[in-house]
Each structure stands twice: as C-alpha cells, then as structure tokens.
Protein chains: 2
Amino acid sequence: MSVPGMRRRRGPRRALTDDEILDAALDLLDEGGPDAASVRGIAARVGVAPNAVYTYFPDKAAVIKGLAERLLGGVDHDVFADRERPWRERVEALALELRAHLSAHPGAVPLMIGGPMDGPHALALNERLLQLLVDAGLDATEAAQASYLLIVYVFGSIALEVADVHRAGPLPSEPERVATRLVAFSAIPTGGFPRSAEAAATMAGYVSTEQYLWGLRRILDGIAARVATAGDVTERAAGPDGLQPAELWGQPGPPGAHPA
Amino acid sequence: MSVPGMRRRRGPRRALTDDEILDAALDLLDEGGPDAASVRGIAARVGVAPNAVYTYFPDKAAVIKGLAERLLGGVDHDVFADRERPWRERVEALALELRAHLSAHPGAVPLMIGGPMDGPHALALNERLLQLLVDAGLDATEAAQASYLLIVYVFGSIALEVADVHRAGPLPSEPERVATRLVAFSAIPTGGFPRSAEAAATMAGYVSTEQYLWGLRRILDGIAARVATAGDVTERAAGPDGLQPAELWGQPGPPGAHPA
DNA sequence: ACAACATTTGTACGATGTACAGCAAGGGTT
DNA sequence: AACCCTTGCTGTACATCGTACAAATGTTGT
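Residues numbered from 1 in each chain as written. Chains lettered and ligands numbered in written order. Predicted model: local features only at pLDDT ≥ 70, side-chain atom pairs only at ≥ 80, totals over all residues. Heavy atoms only, no water.

Caption draft 1: Structural detail: the overall build of chain A. Each helix and strand counted, chain A has 11 helices and 0 strands in total. Overall, chain A shows an N-to-C arrangement of helices and strands of α-α-α-α-α-α-α-α-α-α-α. The proportion of buried residues among the 260 residues of chain A is 48%. Within chain A, residue pairs in contact and separated by at least 24 positions form 68% of the contacts whose partners lie at least 6 positions apart. Total accessible area computed for chain A in this model is approximately 12,300 Å², and 57% of it derives from carbon and sulfur atoms. (Helix = DSSP H or I, 4+ residues; strand = E, 2+ residues; numbered from the N terminus. Buried < 20%, exposed > 50% of the residue type's maximum accessible area, 1.4 Å probe, protein only. Contact = heavy atoms within 4.5 Å. Areas by Shrake-Rupley, 256 points an atom, 1.4 Å probe, with all protein chains shown as cover.)

Now the structure itself:
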C-alpha cells in the first residue's frame with residue numbers, strides 16, 4: 001500500500017495526505033494487531049516526525065475514526081444494490097461483503113467498534129440497509145429495529161471472531177481458525193462442561209462462514225415473519241430456510257422485566 | 001478464584017487478594033471509562049506500589065481477564081434456571097440479566113470483548129445456555145449454532161451501545177441515552193440520508209431495552225422455527241435424537257398456549 | 001534465634017500521546 | 001527581484017503507561 005523509499009524533503013507544501021497516513025496505520029494494524037498503530041509508528045512509516053501526524057488529524061482518535069470510515073467506504077455497494085433480487089439475498093450479500101471486508105483487517109476491528117460509527121460512509125451503509133428493508137415490506141419503525149439487529153449481528157460476530165483469535169497479523173485461513181478454536185476449547189477444563197465440549201466437537205464441521213450464515217438466516221427468518229405480518233406477501237421466504245409464519249409469532253414479553 | 005476462608009497472610013505486612021485488585025480496577029473503570037484502569041491507578045487505589053500488582057497477576061491482560069471472569073461470575077443463574085418455564089422466556093431472562101449486569105459497568109465492556117471469553121464462568125454460562133437450547137428441542141449442532149448467535153447478539157448489542165455513549169462514568173439512564181443518541185444523529189449531516197433521519201426520529205419511542213428485546217425476539221422466532229421443523233419430514237437430519245414437536249415447546253404445549 | 005521465603009518497594013527503562021516553539025520553503029505582493 | 005506571511009514539518013519536552021530488576025521488609029517454620 002505505501003510506497004517505500006520515497007524521500008520527503010523538508011518544507012511546507014503538502015508532503016503528505018490523509019490517505020497516506022491512514023494507509024500506514026492500516027498496514028501497521030494488519031501486521032501487528034490493534035496496538036501496533038502508534039502515532040510514532042505511523043509517522044515513521046510515512047517518513048515524517050511523529051508530530052507531523054497532528055497536522056492532518058487532531059489526535060489519535062481522529063485517525064482511528066478516519067480509518068473506520070475508510071474501511072466502511074470500501075464496501076462494494078453493487079453487491080446488494082440490485083432491487084430485483086429477493087431482499088434476503090441482498091441482505092446476505094451485504095452481510096458477507098461486510099464480513100469479508102472487515103475480516104481482512106482484524107487489527108482494525110476492535111478499534112472501529114470501540115467508537116461510534118457515525119461517519120458519512122457508515123450512514124450511507126445504514127441508509128442502504130434501511131431502504132432495503134423498507135423495500136422488503138417493513139414499515140419505517142420495524143425497518144429501523146431490524147437494521148439495528150442486523151448491524152449488531154454483523155459487527156458483533158466479527159468482533160467476537162477477531163477477539164478469539166491471536167491478535168496480530170492477518171486473520172488465519174478459515175480451517176486454521178477452526179483448528180485453533182478447537183485447540184482453545186480443548187485446552188480449557190471442559191470436564192465440567194459436557195455440552196460446551198460437545199459443541200466444540202460438532203463445531204468442526206461448521207466453519208465460521210457457515211455459522212455466520214446460519215445465524216444470519218435465523219435472523220432473517222425472524223424478520224421475514226414481520227414482513228408477513230405487515231400484509232406484504234410479494235416475497236415469501238422459500239427453500240430449506242422457509243418458514244411458516246403461524247408457527248413463529250412469539251408471545252408477548254415475559255412478566256418481570258428487569259430493573260435497571 | 002479466591003475462596004473465602006482461606007486467608008493467605010504469609011507475606012510481609014499487608015497481603016492483598018486478587019479480588020481487592022479487581023474491585024479497584026472495576027471502580028476505576030466505572031469512574032473513568034475503559035482507559036482509566038491503569039496498573040498504577042489500581043495500585044494506588046489499593047494503597048500499594050504499582051508493581052505490587054504483578055505479585056497477583058502476571059500482566060495487565062491477566063487483570064482484564066480476571067475482571068471479565070468476575071463480571072460473568074456475577075450473573076444470577078437462578079433467573080433462567082427454572083426448567084418449567086418456556087424456553088423463550090428463559091432465554092429472554094438470561095439476556096436481560098446479562099445486559100443489566102454488563103451495562104452497569106460500561107467501561108469494562110470494551111475490555112472484556114477485546115479478548116476471548118474462555119474462563120470457567122464464561123464456560124459455565126455457555127453450558128447453561130446450551131443445555132437450555134437442548135431442552136428446547138434443538139439437537140446438539142443447532143444448539144451450538146443458536147447459542148453462538150445469541151451470544152453474539154447479547155454482547156454485540158451491549159458493545160455497540162457502550163461505544164455510542166460517552167466513554168466515562170456509568171451509563172446514563174435510558175431516557176438520557178435516547179436523547180444523546182438523537183442528538184448525535186441530528187448533529188450529523190443526515191441531509192442525504194432520509195431513512196436514517198427517519199429511523200432516528202421513530203427511534204425516540206423505542207428506548208434501548210425495547211429495541212434489545214425486539215431484536216432478541218426476532219432471533220428467537222428464527223430459532224423457534226428450527227425447533228418446529230426439527231422432526232419434520234423435509235429435514236431428515238434429526239435421526240436418533242429426533243423429537244416430536246409436541247415435546248419441543250416443553251410440557252405446556254405449542255406457543256401461545258402455555259399458561260403463565 | 002535463625003533461616004527460608006513471600007511480598008512489597010525503589011528505581012529505572014522504553015514506549016506512548018501530544019503540547020510548544022521554532023525553522024524551512026513555497027505563494028502572493030510589491 | 002526582494003519582501004513577508006502562511007503552511008507544514010522538526011526538535012524537544014513532559015506526563016503517563018506497562019513492567020523488569022534487585023533490594024528491603026516482614027512472616028513463618030525450624
């Protein structure tokens with residue numbers, strides 16, 4: 001990403017750009033994990049003194065924020081933009097695209113979920129998702145709720161996956177990740193936890209993408225039921241994941257809600 | 001990890017306990033946010049030199065890990081232990097209990113999701129959840145998938161909520177949080193994002209707990225569909241563990257029919 | 001009383017984020 | 001062409017962080 005050997009001359013006039021700094025930060029995160037993006041390291045990588053960074057960003061938090069925006073801005077909107085396709089497919093495409101994009105930079109993930117994601121690219125993505133859900137037949141309120149649910153799932157699962165893994169360098173390949181997960185599980189005194197051990201064992205056949213999609217489809221099933229409730233039957237979930245709405249409408253909440 | 005009754009006073013003047021250190025760390029996090037738990041701060045709070053902490057924990061990461069375990073160990077298992085209640089209610093109770101427990105210490109949340117949660121208390125919780133789902137009628141594999149989905153949702157939503165908020169001190173009350181969320185939304189150039197603006201507006205009537213439960217219930221709907229189809233003809237995967245739908249919702253019978 | 005030992009402290013080192021003051025190299029004006 | 005003023009970078013400095021090392025301190029078993 002960054003060009004090596006480029007010498008910077010002393011002087012004013014635009015030696016750096018914001019993007020060069022963000023590139024350097026991202027490179028460092030990819031190589032050394034979440035703690036590797038120090039201001040000094042970034043500056044050294046682009047070939048300037050540490051405090052030169054503060055010409056472009058007010059503080060380190062701003063760099064992180066810029067990085068988050070940059071990552072979100074890199075997701076391919078075309079993947080789920082086709083309004084002719086069923087909405088579930090479109091959401092799945094979006095979820096997979098986001099996961100692929102963020103998993104490529106695991107070191108950056110903890111940093112970006114550490115702060116609010118309210119930049120223009122984040123909002124644009126949210127806007128797309130909301131529109132998609134409205135297209136699917138949800139009213140505005142439920143579309144908002146559903147988008148929140150989906151966002152939580154996508155970012156939450158990536159965050160947990162990244163947290164589980166050795167936090168330096170790029171994410172290992174999926175088979176490797178499954179293996180280390182199993183190692184981690186078996187290294188634990190699972191003696192008293194038979195079901196956890198069993199889960200770890202059966203998990204071997206379900207690599208992470210499968211699991212990700214399984215959870216996502218359960219969520220889509222739940223949302224689809226609300227679509228049906230709204231009276232819009234233009235799209236009914238079909239196939240192996242098909243469901244019969246009558247069977248999954250939940251009952252009202254349990255008595256004894258929890259006090260704050 | 002420290003058992004009451006076994007007093008370890010073998011050293012010189014004053015011997016600390018792991019719990020005293022964790023208490024101090026948690027207090028600092030509650031007061032000053034995720035960055036407030038410095039080793040020096042913790043040591044000062046318990047009244048020792050900074051490096052005295054390293055007698056009890058090998059490094060700071062171990063303190064964080066101990067803290068995560070301590071928090072997870074504090075969740076009340078009785079809330080969802082009653083196997084006579086419908087499984088959905090039990091899951092909701094667990095989810096609410098976890099959320100209430102973790103939201104009380106927002107500063108600790110980013111730290112605990114930053115690393116793997118594989119301590120004994122975390123495993124015990126996972127074990128309980130898996131058992132609960134198996135009781136509900138899921139086979140071992142799908143119980144594992146479903147528990148992962150639920151865990152991602154619970155921790156992910158708490159993490160995102162915490163990230164949205166000012167990262168110091170205890171989480172504001174829910175009305176305040178909604179207000180600041182709206183402020184944050186309106187402070188953003190939502191001009192180009194009509195649906196996001198609309199979502200922010202309609203969100204006012206749906207405080208965070210409502211939203212949390214809405215998403216959780218969509219997930220439960222999706223999982224319930226798997227329970228219902230577990231013994232179905234279309235999906236022969238059930239095999240020897242196949243259960244009859246009648247037993248799946250517990251003794252009370254199909255959803256909506258069980259008595260309070 | 002003595003020795004073994006567990007615990008705490010003093011000191012120190014390297015790394016981090018960032019504030020402050022100055023210096024160099026344009027562009028704009030004359 | 002000579003000025004200066006703005007812009008961008010550097011040098012230096014400080015507080016704070018995690019933590020390693022050895023010395024000091026007190027407790028306990030013999």
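Caption draft 2: Up close: the relation of the copies chain B and chain A. With an RMSD of 0.1 Å, chain B superimposes on chain A once it is rotated by 180° and translated 0.0 Å along the axis. Both copies of the chain, as the preceding transformation shows, are related through a two-fold rotation axis. (Least-squares fit on C-alpha atoms with pLDDT ≥ 70 in both.)

Caption draft 3: Region of interest: the pattern of salt bridges. Summed over all chains, the structure comprises 30 salt bridges over all chains. Here Lys65 of chain A makes a salt bridge to Asp118 of chain A, at a shortest N to O gap of 3.1 Å. Within this pair, whereas Lys65 of chain A is found in helix α3 (residues 60–73), its partner Asp118 of chain A is found in the loop between α5 (109–113) and α6 (120–136), the two being separated by 53 residues in sequence. Asp27 of chain B is the salt-bridge partner of Arg45 of chain B, the closest N and O atoms lying 3.8 Å from each other. Residue Arg45 of chain B is located in helix α2 (residues 39–46), and its partner Asp27 of chain B is located in helix α1 (residues 18–32); the two are separated by 18 residues in the primary sequence. Take Asp27 of chain B: its relative accessible area is 33%, and that puts it in the partly exposed class. The network of salt bridges with shared partners includes Asp19, Asp23 and Arg70 of chain A. (Salt bridge = Lys/Arg side-chain N within 4 Å of Asp/Glu carboxyl O.)

Caption draft 4: Broad picture of the packing of α6 of chain A against helix α9 (residues 194–202) of chain B. The contact between α6 of chain A and α9 of chain B brings their axes to 8 Å, and the two run at 80°. By the angle between their axes, α6 of chain A is roughly perpendicular relative to α9 of chain B. Mapping the contact onto sequence places Leu123, Asn126, Glu127, Leu130, Gln131 and Val134 of chain A in α6 of chain A and Pro194, Arg195, Ser196 and Ala199 of chain B in α9 of chain B. Here the contact of α6 of chain A with α9 of chain B is composed, by residue class, of 5 nonpolar, 3 polar and 2 charged. (Axes fitted to C-alpha atoms, helices over the stretch in contact; angles between N-to-C directions. Parallel < 35°, antiparallel > 145°, perpendicular 65-115°, else oblique. Nonpolar A, V, L, I, M, F, W, Y, C, P; charged D, E, K, R; others polar.)

Caption draft 5: Representation of the interface of chain B and chain A in the model. Taken together, the 64 residues of chain B in the interface contact 64 residues of chain A. Summing both partners gives a buried area of about 6,000 Å² for chain B against chain A, and 65% of it is carried by carbon and sulfur. One can count 0 salt bridges joining chain B with chain A. Between chain B and chain A we count 10 residue pairs in polar contact (both at pLDDT 80 or more) in total. Element by element, the count of residues in the side of chain B that touches chain A is highest for helix α7 (residues 140–164) of chain B, at 16 residues. Along the lines of polarity and charge, the residues of the side of chain B that touches chain A split into 34 nonpolar, 15 polar and 15 charged. (Buried area = accessible area lost by both parts, 1.4 Å probe. Polar contact = N/O pair within 3.5 Å; in protein donor to acceptor, adjacent residues only side chain to side chain.)

Caption draft 6: Region of the structure containing the side chain of Arg90 of chain A. Residue and element names in this part refer to chain A. Mapped onto the fold, Arg90 is located in helix α4 (residues 87–103). With a relative accessible area of 6%, Arg90 lands in the buried category. Engagement of the side chain of Arg90 in a polar contact is seen with the backbone oxygen of Phe80, the distance being 3.0 Å. If near-sequence neighbours (up to four positions away) are discounted, Arg90 is found in contact with Phe80, Ala81, Asp82, Arg83, Arg85, Leu132 and Asp135.

Caption draft 7: Structural context of the packing of aromatic side chains. As enumerated under the stated definition, the model contains 2 aromatic pairs over all chains in all. Where Tyr153 of chain A meets Tyr212 of chain A, the ring centres are 5.5 Å apart and the plane angle is 15°; that geometry is what we call stacked. One end of the pair, Tyr153 of chain A, is in helix α7 (residues 140–164); the other, Tyr212 of chain A, is in helix α10 (residues 208–229), with 59 residues separating them in the sequence. Given a relative accessible area of 1%, Tyr153 of chain A falls into the buried group. Over the aromatic face of Tyr212 of chain B sits the side chain of Arg99 of chain B, whose NZ or CZ is 4.9 Å from the ring centroid. Cation over ring: Arg218 of chain B sits above Trp214 of chain B, and NZ or CZ is 4.8 Å from the ring centre. (Phe/Tyr/Trp six-rings, centres within 6.5 Å; stacked < 30°, edge-to-face > 60°. Lys NZ or Arg CZ within 6 Å of the ring centre and 35° of its normal.)

Caption draft 8: Looking closely at the layout of surface pockets. In this structure, the second largest pocket encloses a volume near 1,000 Å³. Surrounding the second largest pocket, 44 residues form its lining, Met117 and Tyr148 of chain A together with Asp164, Arg181 and Phe185 of chain B being those nearest its centre. Counting only elements with at least two residues in the lining of the second largest pocket, the list comes to α4, α6 and α7 of chain A together with α7, α8 (174–186) and α10 (208–229) of chain B. Looking at the lining of the second largest pocket, the element that brings in the most residues is α7 of chain A, giving 7 residues. Residues of the lining of the second largest pocket, tallied by class, amount to 32 nonpolar, 7 polar and 5 charged. (1 Å grid on protein atoms, 1.4 Å probe; cavity = no way out; pocket = protein on both sides within 12 Å on 5 of 7 lines; lining within 4 Å. Points joined across faces, edges and corners; volume = space filled by probe spheres on them.)

Caption draft 9: View of helix α6 (residues 120–136) of chain B. Residue and element names in this part refer to chain B. In a regular helix each residue adds 1.5 Å, so 17 residues correspond to 24 Å; α6 covers 24 Å between its end C-alpha atoms and thus fits that length. When we look at burial in α6, the residues that qualify are Ala122, Leu123, Leu125, Asn126, Glu127, Leu129, Leu130, Leu132, Leu133 and Ala136. Where α6 ends, the next residue or the one after it, Gly137, has phi of about 115°, a positive value. (Expected span 1.5 Å × (residues − 1).)

Caption draft 10: Region of the structure containing the packing of helix α4 (residues 87–103) of chain B against α6 of chain B. All names here are of chain B. Put simply, α4 and α6 touch, their axes get as near as 9 Å, and they point 160° apart. Considering the angle they form, α4 stands roughly antiparallel to α6. Remark: the crossing between α4 and α6 carries left-handed chirality. Contacts between α4 and α6 involve Trp87, Arg90, Val91, Leu94 and Leu98 on the former and, on the latter, Leu125, Leu129, Leu132, Leu133, Asp135 and Ala136. Of the residues in the contact of α4 with α6, the class split is 9 nonpolar, no polar and 2 charged. (Left-handed = near helix turned anticlockwise from the far one by under 90°.)

Caption draft 11: Geometry of the confidence of the model for chain A. In this model, chain A carries a mean pLDDT of 82, and residues with pLDDT of at least 70 account for 76%. Across residues 232–260 of chain A the pLDDT falls below 50, and counting only partners more than four positions away or on other chains, this stretch makes 42 contacts in the model. (pLDDT = per-residue confidence, 0-100.)

Caption draft 12: Structural detail: the environment of Pro175 of chain B. With respect to the element layout, Pro175 of chain B can be found in helix α8. In this structure the C-alpha to C-alpha distance between Pro175 of chain B and Ser208 of chain B, which are 33 residues apart in sequence, comes to 8.8 Å.

Caption draft 13: α1 of chain B, seen in detail. All names here are of chain B. In this model, α1 (15 residues) spans 21 Å end to end at C-alpha, consistent with the 21 Å of a helix rising 1.5 Å per residue. Buried residues of α1: Asp18, Ile21, Leu22, Ala24, Ala25, Leu26, Leu28, Leu29 and Asp30, and no others. Structurally, α1 contributes buried residues whose contacts are with α2, α3 (60–73) and α5 (109–113). Backbone geometry just downstream of α1 places Gly33 in the positive-phi region, at approximately 85°.

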